[in-house]
Amino acid sequence: MSVLRRALLGLLLALTLAPAALADGDPASDVLQPESVRVYMTNGTKDAKLEQGLQKTAQSISDAGLPIKVAVIGNKTDLGAVPQLWAKPAIYAKFLGAELRFVYHDTLLVVMPQGLGVSGPFVAKPNTDARAVAALAGIDPRTDTSPAGLTATADKALRALAKADGKSAGGGSGGGGGLPLPLIAAGVMVLAGVGGGVLILRGDKKTRRR
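Residues numbered from 1 in each chain as written. Predicted model: local features only at pLDDT ≥ 70, side-chain atom pairs only at ≥ 80, totals over all residues. Heavy atoms only, no water.

J.: Got a sec to walk through the overall build of the chain? Specific residues and values, please.
T.: Broken down by element type, the chain carries seven helices and four strands. For the chain, the proportion of its 210 residues judged to be buried stands at 34%. Expressed as a percentage of contacts within the chain between residues at least 6 apart in sequence, the contacts between residues at least 24 apart total 64%. For the chain, the computed accessible surface area is about 12100 Å², with 63% contributed by carbon and sulfur atoms. (Helix = DSSP H or I, 4+ residues; strand = E, 2+ residues; numbered from the N terminus. Buried < 20%, exposed > 50% of the residue type's maximum accessible area, 1.4 Å probe, protein only. Contact = heavy atoms within 4.5 Å. Areas by Shrake-Rupley, 256 points an atom, 1.4 Å probe, with all protein chains shown as cover.)

J.: Could you give an account of the pattern of salt bridges, with specific residues and numbers?
T.: For the coordinates displayed, the defined rule picks out five salt bridges. Among the ionic pairs, Asp165 bridges to Arg131, the shortest N-O distance being 3.5 Å. Remark: Arg131 occurs in helix 5 (residues 126-136) and Asp165 occurs in the loop between helix 6 (147-164) and helix 7 (181-209); sequence separation between them is 34 residues. One salt bridge connects Arg159 with Asp155, and the closest N-O pair in it is separated by 2.7 Å. Placement of both Arg159 and Asp155 in helix 6 is noted, with a separation of four residues, approximately one turn of the helix. (Salt bridge = Lys/Arg side-chain N within 4 Å of Asp/Glu carboxyl O.)

J.: Mind laying out the sheet that holds strand 1 (residues 39-40), listing which residues take part and the relevant values?
T.: In space, the four strands of this open sheet follow the order 1-2-3-4, with mixed pairing throughout. What marks the edges here is a single partner per strand, and that holds for strand 1 and strand 4 (115-119). Note: strand 3 (residues 107-112) against strand 4, five bridges, orientation antiparallel. In the strand pairing of strand 4, Leu108 is matched with Ser119. Against the sheet, helix 3 (residues 48-63) makes contact with strand 1 and strand 2 (68-72), and its axis sits at roughly 155° relative to strand 2, the strand it touches most. (Pairing = 2+ DSSP bridges. Axes fitted to C-alpha atoms, helices over the stretch in contact; angles between N-to-C directions.)

J.: So, the nonpolar core: which residues are in play, and what are the values?
T.: Judged by nonpolar contacts, the single largest core of 28 residues is most densely connected at Leu54, Val70, Leu109, Leu158 and Leu161. When contributions to this core are tallied by element, the ones reaching two or more residues are helix 3, strand 2, strand 3, strand 4, helix 5 and helix 6. Sorting elements by how many residues they give to this core places helix 6 first, with seven residues. Setting aside its immediate chain neighbours within four residues, Leu158 contacts Leu54, Thr57, Ala58, Ile61, Ile68, Val70 and Leu109. Grouped together as the second largest cluster of nonpolar side chains are 16 residues, Ala71, Leu85, Ala93 and Leu96 included. (Core = buried A, V, L, I, M, F, W, Y, C linked by side-chain atoms within 4.5 Å.)

J.: Can you break down unusual backbone geometry residue by residue, with the values?
T.: Unusually for a residue other than glycine, Ala87 sits at a positive phi of about 70°. Within the element layout of this structure, Ala87 appears in the loop between strand 2 and helix 4 (89-99).

J.: With reference to specific residues and values, describe the pairing of strand 2.
T.: Across the five residues that make up strand 2, a large majority, five, are buried. Side chains of strand 2 alternate between two faces, with Ile68, Val70 and Val72 and Lys69 and Ala71 buried alike. With two bridges connecting them, strand 1 and strand 2 associate as parallel partners. Bridge pairing links Val39 to Val70 in strand 2.

J.: Hey, could you go over helix 6 for me, with residue numbers and the actual values?
T.: Here helix 6 contains 18 residues, and its C-alpha end-to-end distance of 26 Å stays within 8% of the 26 Å for a straight helix at 1.5 Å per residue. Following helix 6 by one or two positions, Gly166 has its phi on the positive side, about 75°. (Expected span 1.5 Å × (residues − 1).)

J.: Outline the side chain of Thr153, supporting the account with residue identities and numerical values.
T.: Tracing the chain through its elements places Thr153 in helix 6. Given the relative accessible area of 8%, Thr153 is considered buried. Apart from residues lying up to four places away in sequence, Thr153 is in contact with Val111, Leu116, Ile139, Asp140 and Pro141.

J.: Describe in detail helix 3, supporting the description with residues and values.
T.: Taking 1.5 Å of rise per residue, 16 residues should cover 22 Å, and helix 3 covers 22 Å from first to last C-alpha, within 8% of that figure. Of all the positions in helix 3, only Leu50, Gly53, Leu54, Thr57, Ala58, Ser60, Ile61 and Ser62 are classed as buried. On its buried face, helix 3 is in contact with strand 1, strand 2 and helix 6. The opening residue of helix 3 is Asp47, an N-cap whose side-chain oxygen sits 3.0 Å from the backbone nitrogen of Lys49. Just beyond helix 3, the residue with positive phi is Gly65, at close to 120°. (Polar contact = N/O pair within 3.5 Å; in protein donor to acceptor, adjacent residues only side chain to side chain.)

Structure representation (structure tokens):
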């Protein structure tokens, strides 16, 4: 095989493996690759409800027009090959954005016990960067660094960013904003049944009068 062919083959192989190699840097970059996955939840929790609630909030905001993903980093093991980025949420947010650049180009939120980090289009320009800083001001993960506490902080930060961008987060993980659809449907069926029964009774009364 000629030197040129070997060089071309090596280049092709490098280009093919580049996304996978970058994605192996930390767990969050692997988990967040699929379009439908909006949340990386710290491995420090086994409570699936925390991730589900946060996923609902992030998806609601994304559907409203601000595509966003969030990584809840609760310990150094969440960082995989880059533990040196522990306690550096802003730097890690940029790092994670760079790892996902082949599959995701929108906003990323990182929540660590030491603070928050944001990367992507929402903070790419001076005016939106100022809005992001203002929106996240006062949101302090240090008040509760447990998985549940960090999840609540992440939910609050997501909603703050959405509000700053003029978007609605919907019900999100807060829940309780309205009746579940199955319950509404059941209520309609009951009302329909009651209405039908009233009509039948009226029909019987008319028949007896005749």
